[in-house]
Amino acid sequence: MKPIQVGLLGIGTVGSGTFEVLQRNQEEIKRRAGRGIEVTMVADLDVARAKSIVGPNVQVVDDARKVIANPDIDIVVELIGGYGIAKQLVLEAIAAGKHVVTANKALLAVHGTEIFAAAHQKGVMVAFEAAVAGGIPIIKALREGLTANRIQWLAGIINGTTNFILSEMRDKGLAFDDVLKQAQALGYAEADPTFDIEGVDAAHKATIMSAIAFGVPVQFDKAYVEGITKLESQDIKYADQLGYRIKLLGISKRTAAGIELRVHPCLVPAKRLIANVEGAMNAVMVQADAVGTTLYYGKGAGSEPTASAVIADLVDITRLHTADPLNRVPHLAFQPDAMSSLPILPMDQIVTSYYLRLRVADQAGVLAKVTGILAHADISIDAVLQREAGEGESHTDLIILTHDCVEAKMNQAIAEMQQLSTVLAPITRIRKEELN
Ligand code: NDP
Ligand code: HSE
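This text gives an overview of the structure that appears in the document. As the structure is a prediction and not an experimental result, all values here were calculated from the model.

So, on to the site of ligand 2. Taken together, Lys-105, Asn-159, Gly-160, Thr-161, Tyr-188, Ala-189, Glu-190, Asp-196, Asp-201, Lys-205, Gly-300 and Ala-301 are the residues near ligand 2. Here a nitrogen atom of ligand 2 and a backbone polar atom of Tyr-188 are 2.6 Å apart. Residue Glu-190 places a side-chain N or O atom 2.7 Å away from a nitrogen atom belonging to ligand 2. Isolated, ligand 2 exposes 250 Å² of accessible area, and the fraction of that covered by the protein chains is 94%. Taken atom by atom, the bulk of ligand 2 overlaps the largest pocket. Class assignment for the residues of the shell around ligand 2 results in 3 nonpolar, 4 polar and 5 charged.

Encoded structure:
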């Protein structure tokens, strides 16, 4: 049978890995897919560089629309990134009846509803395994492997760049900016690295996973997003002393009132496997009623790990493209007419536990006042750590771990504690997840 023909839009980090792995493993992939999968056309702004990657047998153009217009191309792979031209190209490819593979989580988290509806109407597939957690087959696991389950929550380290930064800062004492530069040089970071460090990239991925886990539309605009730029190394040290690691987590939970969807730094017990995921590695924990807890671990970024997921999608489409569209796996796991309208909860309604660090005057009665405010708000304390004031110091750090409470109560309690004359600086609050 004639090989299926693939057109690549963008041959940067992920595109070049995809081309290389497809070439290297072509026989193995053909045995799995049932027919060959060949990249026959590539579009990239830098034609000379693209030609140097693909050689003379692949047509290279600088206009992505020429790939979409080519009637011989069966699958268009969008590896440009961003919400701009990538969105137009994906919608145009769908309109032209092409199946689409994309690694573009930003695009799907923001415009997924429109894109999946267009694909559904046209009877084509949009596959996006590479969009979440790089090489880890988490989309496949959530959408197909766990299909028997009622999923309760998921929590993941889903941004390699920030996990790399936190690991290097903690283990080697390196400065934030230096480690970010390393992550960029290694090809982990987004074109705009503020997406990584401000939690936006993780929120894109959490949004997509949440939609698949709970059968709700993608709603990135409702996600709570907080990155790692305000983290201080002293909190990493205090967390360590208390038996915790600080990780940037993407979390989504189903509650009776709605869905929690949030990304923020989090204290995680050091004994949990996920707390020991280091460097650019990713891991996602999923809690579901029948199977219990499952954990997915692997490389979340980089050229070939991400290519591995792109090619898995190419194989899926090669196997399934002749199937009746109604019998294919729905894009978001649930049938389009069976989506849930459960709302995404505002942040002040989420329930979690907290780490608080207060810079306080080293005076008698300070602890009693602080704990009094927490008691009055019905917030129960789990642990207290007070740093001994240094010689000549008139202030010290008071660290408090709480049990679960609703965020609105904690906001109120922090505002009250902040009013105390003995609290000398803005209170640091980091959320804590026991993940048990
Ligand atoms: P790169 O920036 O390395 O590659 C993008 C490529 O697209 C570049 O070669 C760029 O050319 C080219 N390009 C830009 N505009 C156009 C256009 N209009 N037509 C054709 N080509 C164009 O990005 P990545 O490979 O890192 O990322 C690609 C996608 O994969 C993004 O959505 C990203 O979020 C996602 N992703 C990336 C991962 C990673 O580890 N890097 C992991 C998982 C997902 P030029 O350089 O000349 O501008
Ligand atoms: N910038 C992303 C990360 C790439 O660091 O995880 C993988 O999606």
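Moving on from the model shown.
Lining the immediate environment of ligand 1, one finds 22 residues, of which Val-14, Asp-44, Arg-49, Glu-190 and Gly-302 sit closest. Note that an oxygen atom of ligand 1 is positioned 3.1 Å from one of the side-chain N or O atoms of Lys-105. In isolation ligand 1 has 890 Å² of accessible area, and contact with the protein removes 79% of it. At a threshold of 2 Å from the grid points, most atoms of ligand 1 map onto the largest pocket. Per-class residue counts for the shell around ligand 1 are 9 nonpolar, 8 polar and 5 charged.

Looking now at the packing of aromatic side chains. Remark: the centre distance and the inter-plane angle together describe each pair of aromatic rings, the angle taken between the planes. In total, this model carries 3 aromatic pairs according to the counting rule given. Between Tyr-83 and Phe-195, the aromatic rings sit 6.4 Å apart at their centres with planes inclined by 50°, giving tilted as the arrangement. With a gap of 112 residues between them, Tyr-83 in the loop between β4 (75-78) and α5 (85-95) and Phe-195 in helix α10 (residues 194-197) connect regions that are remote in the sequence. Note on Tyr-83: relative accessible area 30%, which makes it partly exposed. Between Phe-116 and Phe-128, the ring centres sit 5.5 Å apart and the planes meet at 40°, which makes this aromatic pair tilted. Linking Phe-116 in helix α6 (residues 105-122) with Phe-128 in the loop between β6 (126-127) and α7 (138-145), this pair joins segments that are 12 residues apart in sequence. A relative accessible area of 1% means that Phe-128 is categorised as buried.

Moving on, we get to the sheet that holds strand β2 (residues 37-43). Taken in spatial order, the 6 strands of this open sheet run β3-β2-β1-β4-β5-β6, and their pairing is parallel. Single-partner strands in this sheet number two, and they are β3 (59-61) and β6. Inspection of the sheet shows strand β5 (residues 99-102) paired to β6 by 2 bridges, in the parallel sense. In the sheet register, Val-101 faces β6, and the bridge partner there is Ala-127. Each of β1 (4-9), β2, β4, β5 and β6 touches helix α13 (residues 303-320); the most contacted strand, β5, lies at about 165° to it.

We now examine the pattern of salt bridges. In the structure shown here, the tally under the stated rule is 32 salt bridges. One salt bridge connects Glu-190 with Lys-105, and the closest N-O pair in it is separated by 3.1 Å. One end of the pair, Glu-190, is in the loop between α9 (176-185) and α10; the other, Lys-105, is in helix α6, and 85 residues separate them in sequence. Residue classification places Lys-105 among the buried positions, given a relative accessible area of 12%. Taken together, the shared-partner salt bridges connect Arg-170, Asp-171, Asp-240, Arg-245, Lys-247 and Glu-278 into one network.

By size, the foremost hydrophobic cluster in this structure holds 81 residues, and its most contacted members are Phe-128, Ile-138, Leu-142, Ile-208 and Val-286. When residues in this core are grouped by element, the largest group, 10 residues, is from helix α11 (residues 200-214). Those residues in contact with Phe-128 that lie beyond four places of it in its chain are Thr-102, Leu-108, Phe-116, Ile-139, Arg-143, Ile-208, Ile-212, Asp-313, His-331 and Leu-332. In terms of nonpolar packing, the next biggest core, distinct from the first, is built from 32 residues, Val-21, Leu-22, Val-42 and Val-101 among them.

This brings us to helix α12 (residues 233-241). Looking at α12, one finds that the buried residues are Asp-235, Ile-236, Tyr-238 and Ala-239. Along the axis of α12, the buried residues cluster in a sector spanning 165°; they form a single face. Set apart from the buried face of α12 by more than 90 degrees, the exposed residues are Lys-237 and Gln-241. Positive phi shows up at Gly-243, right after α12, with a value of about 90°.

What follows concerns the layout of surface pockets. Of the volumes computed, that of the largest pocket is approximately 710 Å³. For the largest pocket, the lining is made up of 36 residues, of which Val-14, Lys-105, Ala-189, Glu-190 and Ala-191 are closest to its centre. Looking at the lining of the largest pocket, the elements with two or more residues in it are α1 (13-24), α6, α8 (160-172), α10 and α11. Its residues assigned to classes, the lining of the largest pocket shows 15 nonpolar, 14 polar and 7 charged.

Turning our eyes to something else, we now look at the packing of α8 against α9. Running from amino to carboxyl end, α8 crosses α9 at an angle of 135°, the nearest separation of the two axes being 9 Å. Between α8 and α9, the angle falls in the class oblique. The handedness of the crossing between α8 and α9 comes out as right-handed. On α9, the residues touching Thr-161, Phe-164, Ile-165, Glu-168 and Met-169 of α8 are Phe-176, Val-179, Leu-180, Gln-182 and Ala-183. Residue composition of the contact of α8 with α9, by class: 7 nonpolar, 2 polar and 1 charged.

The rules we used
- Residues numbered from 1 in each chain as written.
- Chains lettered and ligands numbered in written order.
- Predicted model: local features only at pLDDT ≥ 70, side-chain atom pairs only at ≥ 80, totals over all residues.
- Heavy atoms only, no water.
- Near = heavy atom within 4 Å.
- Polar contact = N/O pair within 3.5 Å; in protein donor to acceptor, adjacent residues only side chain to side chain.
- Areas by Shrake-Rupley, 256 points an atom, 1.4 Å probe, with all protein chains shown as cover.
- 1 Å grid on protein atoms, 1.4 Å probe; cavity = no way out; pocket = protein on both sides within 12 Å on 5 of 7 lines; lining within 4 Å.
- Sits in = over half its atoms within 2 Å of the grid points.
- Nonpolar A, V, L, I, M, F, W, Y, C, P; charged D, E, K, R; others polar.
- Phe/Tyr/Trp six-rings, centres within 6.5 Å; stacked < 30°, edge-to-face > 60°.
- Helix = DSSP H or I, 4+ residues; strand = E, 2+ residues; numbered from the N terminus.
- Buried < 20%, exposed > 50% of the residue type's maximum accessible area, 1.4 Å probe, protein only.
- Pairing = 2+ DSSP bridges.
- Contact = heavy atoms within 4.5 Å.
- Axes fitted to C-alpha atoms, helices over the stretch in contact; angles between N-to-C directions.
- Salt bridge = Lys/Arg side-chain N within 4 Å of Asp/Glu carboxyl O.
- Core = buried A, V, L, I, M, F, W, Y, C linked by side-chain atoms within 4.5 Å.
- Arc of directions from axis to C-beta.
- Points joined across faces, edges and corners; volume = space filled by probe spheres on them.
- Parallel < 35°, antiparallel > 145°, perpendicular 65-115°, else oblique.
- Left-handed = near helix turned anticlockwise from the far one by under 90°.

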